[in-house]
Amino acid sequence: MRSLPDRVCRMIDLCRAEQQSACYARHQVQLVRKGQSGCETFTRTCFISSHRRPAGGGSPLDCGTMSLGRRISRTFLRTQFNNGKNIGLPACARYNSTSTSQPVNKKGLHWLNSRALLLLGGISIGLAVASTLNGKETDDTPKNAQIFSTSPGLNDTYGSIEDFEKAIAALQAAFPVDSVSTDLEVLEYHGSSENDYHPGSSPAVVVFPQSTEEVVKIVKIANQYRMPVIPYSGATSLEGHYRAPPIGAICVDMSNMDKIIEIHEADSDLVCQPGAHWMDINATLKKKGIPLFFPIDPGPGATIGGMVSTGCSGTNAVRYGTAKAEWFLNITVALPNGEVIKTRQRSRKSSAGFDTTKLFIGAEGTLGIITEVTIRLAPVLPTNVAVVHFPDVKKATEAVIEIMNQGVGIQCVELVDDDFMRSTNLYGMSARKWPEVDSLFFKLQGPTPRSLQETAAIVKQITKKHEGYGFALAHSDEEAGLLWRDRKNALYSGLALLEGSKGWSTDVCVPVSRLPQLVYETKKDIAASGVVSTIVGHVGDGNFHALLLFKTDEELKTIREIVHRMVERAIALDGTCTGEHGVGIGKREYLIDELGPGTVELMKTVKKAIDPYNLFNPGKLYPPEKRDTKSEIE
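Keep in mind the model is a prediction, meaning the values are calculated, not measured.

About the thresholds
Residues numbered from 1 in each chain as written. Predicted model: local features only at pLDDT ≥ 70, side-chain atom pairs only at ≥ 80, totals over all residues. Heavy atoms only, no water. Helix = DSSP H or I, 4+ residues; strand = E, 2+ residues; numbered from the N terminus. Buried < 20%, exposed > 50% of the residue type's maximum accessible area, 1.4 Å probe, protein only. Contact = heavy atoms within 4.5 Å. Areas by Shrake-Rupley, 256 points an atom, 1.4 Å probe, with all protein chains shown as cover. Pairing = 2+ DSSP bridges. Axes fitted to C-alpha atoms, helices over the stretch in contact; angles between N-to-C directions. Phe/Tyr/Trp six-rings, centres within 6.5 Å; stacked < 30°, edge-to-face > 60°. Lys NZ or Arg CZ within 6 Å of the ring centre and 35° of its normal. Expected span 1.5 Å × (residues − 1). Arc of directions from axis to C-beta. Polar contact = N/O pair within 3.5 Å; in protein donor to acceptor, adjacent residues only side chain to side chain. Core = buried A, V, L, I, M, F, W, Y, C linked by side-chain atoms within 4.5 Å. Left-handed = near helix turned anticlockwise from the far one by under 90°. Nonpolar A, V, L, I, M, F, W, Y, C, P; charged D, E, K, R; others polar. Patch = residues over 30% accessible without salt bridge, like charges linked within 9 Å, V, L, I, M, F, W, Y side chains within 5 Å. Salt bridge = Lys/Arg side-chain N within 4 Å of Asp/Glu carboxyl O. Parallel < 35°, antiparallel > 145°, perpendicular 65-115°, else oblique.

1. Examining the overall build of the protein chain
Turning to step 1, where the next piece is worked out: When helices and strands are counted, the protein chain shows 19 helices and 23 strands.
Turning to step 2, where the next piece is worked out: Taken across its 634 residues, the protein chain has 55% of its residues classed as buried.
Turning to step 3, where the next piece is worked out: Expressed as a percentage of contacts within the protein chain between residues at least 6 apart in sequence, the contacts between residues at least 24 apart total 73%.
Turning to step 4, where the next piece is worked out: Carbon and sulfur atoms make up 51% of the accessible area of the protein chain, which totals about 26800 Å².

2. With respect to the sheet that holds strand S14 (residues 340–342)
Turning to step 1, where the next piece is worked out: Taken together, the five strands give an open sheet; going across it, the order is S10-S11-S15-S13-S14, and neighbouring strands pair in antiparallel fashion. Each edge of the sheet is formed by a strand with only one pairing partner; in this case those strands are strand S10 (260–264) and S14. In this sheet, adjacent strand axes meet at a mean angle of 10° when their direction is disregarded.
Turning to step 2, where the next piece is worked out: Strand direction decides the pairing type here: S10 and strand S11 (residues 269–272), joined by four bridges, are antiparallel. Across the sheet, glutamate 262 pairs through a bridge with valine 271, a residue of S11.

3. Some points on the sheet that holds strand S23 (residues 543–550)
Turning to step 1, where the next piece is worked out: Taken in spatial order, the seven strands of this open sheet run S20-S17-S19-S18-S22-S23-S21, and their pairing is antiparallel. Strands with a single pairing partner mark the edges of an open sheet, and in this sheet they are strand S20 (469–473) and strand S21 (502–509). Looking at each pair of strands side by side, their axes are set apart by 15° on average, direction ignored.
Turning to step 2, where the next piece is worked out: Pairing analysis gives six bridges linking strand S18 (residues 410–416) to strand S19 (residues 439–445), with the strands arranged antiparallel. What sits directly across from isoleucine 410, in S19, is leucine 444.
Turning to step 3, where the next piece is worked out: Sitting on the sheet, helix H15 (residues 515–529) is in contact with S18, S21, strand S22 (532–538) and S23, with an inclination near 5° to S23.
Turning to step 4, where the next piece is worked out: Contacting S21 and S23, helix H16 (residues 553–572) crosses the sheet at an angle of about 10° to S21.

4. Examining the packing of aromatic side chains
Turning to step 1, where the next piece is worked out: Counted by the stated rule, this structure contains seven aromatic pairs.
Turning to step 2, where the next piece is worked out: Lying over the aromatic face of tyrosine 320, arginine 319 brings its terminal NZ or CZ to 4.6 Å of the ring centre.

5. As for helix H5 (residues 212–225)
Turning to step 1, where the next piece is worked out: Here H5 contains 14 residues, and its C-alpha end-to-end distance of 20 Å stays within 8% of the 20 Å for a straight helix at 1.5 Å per residue.
Turning to step 2, where the next piece is worked out: H5 sits mainly inside the fold: 10 of its 14 residues count as buried.
Turning to step 3, where the next piece is worked out: Residues of H5 that are buried include every one of Thr212, Glu214, Val215, Val216, Ile218, Val219, Ile221, Ala222, Asn223 and Tyr225, and no others.
Turning to step 4, where the next piece is worked out: Just beyond H5, the residue with positive phi is arginine 226, at close to 50°.

6. A few points about helix H10 (residues 393–405)
Since there are 3.6 residues in each turn of an α-helix, residues three or four apart along the chain are aligned in direction.
Turning to step 1, where the next piece is worked out: If you check H10, its first and last C-alpha atoms are 18 Å apart, about what 13 residues at 1.5 Å a residue would give, namely 18 Å.
Turning to step 2, where the next piece is worked out: All buried positions along H10 are accounted for by Val393, Ala396, Thr397, Ala399, Val400 and Ile403. All buried residues of H10 lie within an arc of 160° about the axis, which places them on one face of the element.
Turning to step 3, where the next piece is worked out: Residues of H10 that are buried sit in contact with S18, S19, helix H12 (449–465) and H15.
Turning to step 4, where the next piece is worked out: The residue sitting at the N-terminus of H10 and contributing the capping side-chain oxygen is aspartate 392; that oxygen lies 3.2 Å from the backbone nitrogen of lysine 394.

7. What about the nonpolar core?
Turning to step 1, where the next piece is worked out: Counting residues in hydrophobic clusters, the biggest one holds 83 residues, and the most contacted among them are Phe294, Ile304, Phe328, Leu440 and Phe442.
Turning to step 2, where the next piece is worked out: Residues in contact with isoleucine 304, not counting those within four places in the same chain, are Cys272, Gln273, Pro274, Ala276, Trp278, Ile281, Phe294, Phe328, Val373 and Ile375.
Turning to step 3, where the next piece is worked out: Core analysis: the next-biggest nonpolar cluster, separate from the first, contains 29 residues, Ile168, Leu171, Phe175 and Met227 among them.

8. Overview of the side chain of serine 237
Turning to step 1, where the next piece is worked out: By the element assignment, serine 237 lies in the loop between strand S8 (229–232) and strand S9 (250–253).
Turning to step 2, where the next piece is worked out: For serine 237, a relative accessible area of 13% puts it in the buried group.
Turning to step 3, where the next piece is worked out: A polar contact of 3.4 Å, which involves the side chain of serine 237, links it to the backbone nitrogen of glycine 240.
Turning to step 4, where the next piece is worked out: Polar side-chain contacts of serine 237 include one of 2.7 Å to the side chain of histidine 241.
Turning to step 5, where the next piece is worked out: Here serine 237 is in contact with Ser193, Asn195, Asp196 and Tyr242, once residues within four sequence places are set aside.

9. Details of unusual backbone geometry
Turning to step 1, where the next piece is worked out: Here the phi dihedral of arginine 226 falls at roughly 50°; this positive angle occurs in a residue that is not glycine.
Turning to step 2, where the next piece is worked out: The class for arginine 226 is buried, based on a relative accessible area of 10%.
Turning to step 3, where the next piece is worked out: Although it is not a glycine, glutamate 364 sits at a positive phi angle of roughly 60°.
Turning to step 4, where the next piece is worked out: Mapped onto the fold, glutamate 364 is located in the loop between helix H9 (356–360) and strand S15 (369–376).

10. Focus on the packing of H10 against H12
Turning to step 1, where the next piece is worked out: In contact at an axis separation of 9 Å, H10 and H12 are set at 145° when each is read in the N-to-C sense. In this structure, the crossing between H10 and H12 has a hand that is right-handed. Together, Ala399, Glu402 and Ile403 of H10 and Val459, Ile462, Thr463 and Lys465 of H12 make up the contact between the two elements.
Turning to step 2, where the next piece is worked out: For the contact of H10 with H12, the class distribution of residues is four nonpolar, one polar and two charged.

11. Overview of a nonpolar patch on the surface
Turning to step 1, where the next piece is worked out: Together, Tyr427, Met429, Leu491 and Tyr492 make up an exposed nonpolar region whose accessible area comes to about 400 Å².
Turning to step 2, where the next piece is worked out: Summarising the element assignment, tyrosine 427 is placed in helix H11 (residues 418–427).

12. Here's the deal with the pattern of salt bridges
Turning to step 1, where the next piece is worked out: This model, assessed by the stated rule, comprises 23 salt bridges.
Turning to step 2, where the next piece is worked out: Measuring nitrogen to oxygen at the nearest pair gives 3.1 Å for the salt bridge that ties lysine 465 to glutamate 402. Of the two residues, lysine 465 is situated in helix H12 and glutamate 402 in helix H10; the sequence distance between them amounts to 63 residues.
Turning to step 3, where the next piece is worked out: Given the relative accessible area of 58%, lysine 465 is considered exposed.
Turning to step 4, where the next piece is worked out: With a closest N to O distance of 2.8 Å, arginine 487 and glutamate 414 form a salt bridge. With arginine 487 in helix H13 (residues 477–488) and glutamate 414 in strand S18, this residue pair connects regions lying 73 residues apart in the sequence. By the burial criterion, arginine 487 is buried, and glutamate 414 matches it.
Turning to step 5, where the next piece is worked out: Residues joined in a network through salt bridges with shared partners are Asp417, Asp418, Asp419, Arg422 and Lys523.

13. Focus: the packing of helix H3 (residues 161–174) against H5
In a pair of packed helices, the angle between the axes and the distance between the axes together describe the arrangement.
Turning to step 1, where the next piece is worked out: Look at H3 against H5: their axes get within 9 Å of each other, and the N-to-C directions meet at 155°. One finds that H3 runs roughly antiparallel with respect to H5. Our pair here, H3 against H5, has a crossing hand that is right-handed. Along the contact surface, H3 presents Asp163, Phe164, Lys166, Ala167, Ala170, Leu171 and Ala174, while H5 presents Lys217, Ile218, Ile221 and Tyr225.
Turning to step 2, where the next piece is worked out: The class makeup of the residues in the contact of H3 with H5 is eight nonpolar, no polar and three charged.

In C-alpha cells form, the structure reads like this:
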C-alpha cells in the first residue's frame, strides 16, 4: 500500500441507509491529518438520507452546511491511494458512527472502492438532500432532478446527482488539471468567508478560467447538465454572495483573469479583466506615471468584476458617485445560454437604446459572468485632510449639508462616532490622542494649493457655525496620510474595543437629512442590547456602517436582531437596506419592503428571460416568497 503523504491523509467510509427509509441518520466522520506528532483527527457531523438514492447505491450525505463529498478531493484520493483501487486503512484513519435515528443498515458500511471514490471526489453525496421533486415533471425536467427553491416564479429544478457527476467529469476533460479542483481545502475556501457570519456552503467543483472562451465552456457544460454556476472574484463580500446552493454548484473563480488589457490615457479609460483589483490598477497607473486613477474605492481586496456585480462604492462616493454611475463604460458578459455580448462601444457617452451595461451592475452574478470591463478614469488631484469635532451627530450632519451645498472641493467626508474615536485611541496606532466625541474626517480636493486652502477655510468657517471645534488641518502629505489612516483603520481599531471579539459589519443608507435620526435610534438600540459597537458613515451620501462586536453565539443572535431592526428603520426613513455592500443572501428578504412587489417582479421577469433555468448564482438577490423574521434571526 502506498504510504500516506505528510501533508494530509483523508479517508471516509460511505454509509448507506435503509432503501425504504425516509429518515435521516447522524454519523460522525473523522478526517485525519498527519502532523509532526502523529495523526490528528477532526470530526464532521453528517446526515445520511435514503430519500431518492442515487442509482447503483450510494447515499445522500450532508455535513453540517457543507456536503462532505464535495470536500473530498477526487484527484488526491485517486492518485494517492493506489489509483482508486480498494485499499487498507492505516491505523490512524478511522470512521465513527453515532446514529440518532433508525433504521440504519450497518451492513452498508464498507471501505471505499473505486466507484465510491469517484462519487465522493467528483460531487457531493449530499446533493440529494433537496432532491425531492415537487409537482409534475415536464419534458424539460431532468430525470431524478434535484430541487432548490430560491424565489417564487424562478426555476427550482436542477440536474440529478448523476448529471452533476457528469458535469464535473466534462470539466475535467475540457480543462487542464490545475484549472479544475475538487480539493477539500479549495472547496471550503470558496464556500465560506471570514468577512461575514452567513451559513457556509461549498461548491462541488471550482474552475479557474483564463479567458472568455473558457468561461463559455463552463457555462455550456452547466447548461447541459443543469448545474448551478457561482461567479467568484475578490471574496470581500459581506452578504454571502458566493455561497453555493446546498445541492452543489460550479464555482467559477476569476482570479486568473486579472490582466489590464489596454490603457487609453488620452481617452481616460482602461480595459481590464474582471479579476483585476482596483488598487492594483491604480498602483499600475501611478508606476507608469499616468496621472489618472479609478476612483471607486470599496474594500482593499475588491476586484472590478465584483464591484460591477454588487454596485459598490466607498469613501469617494460623495465626489465620484458609485459603481452605478458612468464609471463602467461597457462590459463583456457570458450569458447563461453561453452567448457572449458586449454591452456597448468605448465612447464616453451613448444614447443608443437601453443602457444594458447598467442591467448587470448590481445583478450580483445572477444574469451573466463578466469577462471584460472598460472603466473610466479620473485625473489625480492634490488632496489634504482635516478633522473636526462636534457635540453630536445632528450638528455634524447639518454642517456637511451646508458644506456640500457650497460646491467646494470635497473628495470624502466621513462621520465617526464617539465609540470610534475611543477605539482609535485604544488601538494605539494613531499619531495623536483624539477627543472621544462625534467627529468628521474631510478629504479636501483641488487642482492647486490655493484651491485647497480656500476649501479648508470654507469648511472651517461652516463647521464652526455648527458648533464644530478642534479643527485640525494637515500641514504636509505625510501628516495627511497619518490622519486619513486613522479613518481607514476602522475595522481593526473597532475590534480593540472588545478584546478577543469578532465583528459583524453591516450598512444602510438614508437621505442625508435623516441620517442623524437613524444614527441616534440605532445607537440607542445597540446600547439597550448591551452590544459594543462603532459607527462610521459616508455622511455626504447618508450611508453608514455599524461594526457590532461579539464573542458568543448568544451575542451573535442579539446582533442579528439589531441588524434586522436597523434595516427596517432605514427603509421606514425612505432609505435602503444596503448602501454599498449589496443584497446577496443576507438582505434579500427586505427587497419587497424597499422596492415594492412590482419592481421586484420586474427584476425577476428580466432574470427569467435571460436565465430561464436559474443557473447563475441562485438564491441571491431575489427575495423568497414570505419573510420569516424569526427564521432570519435564527
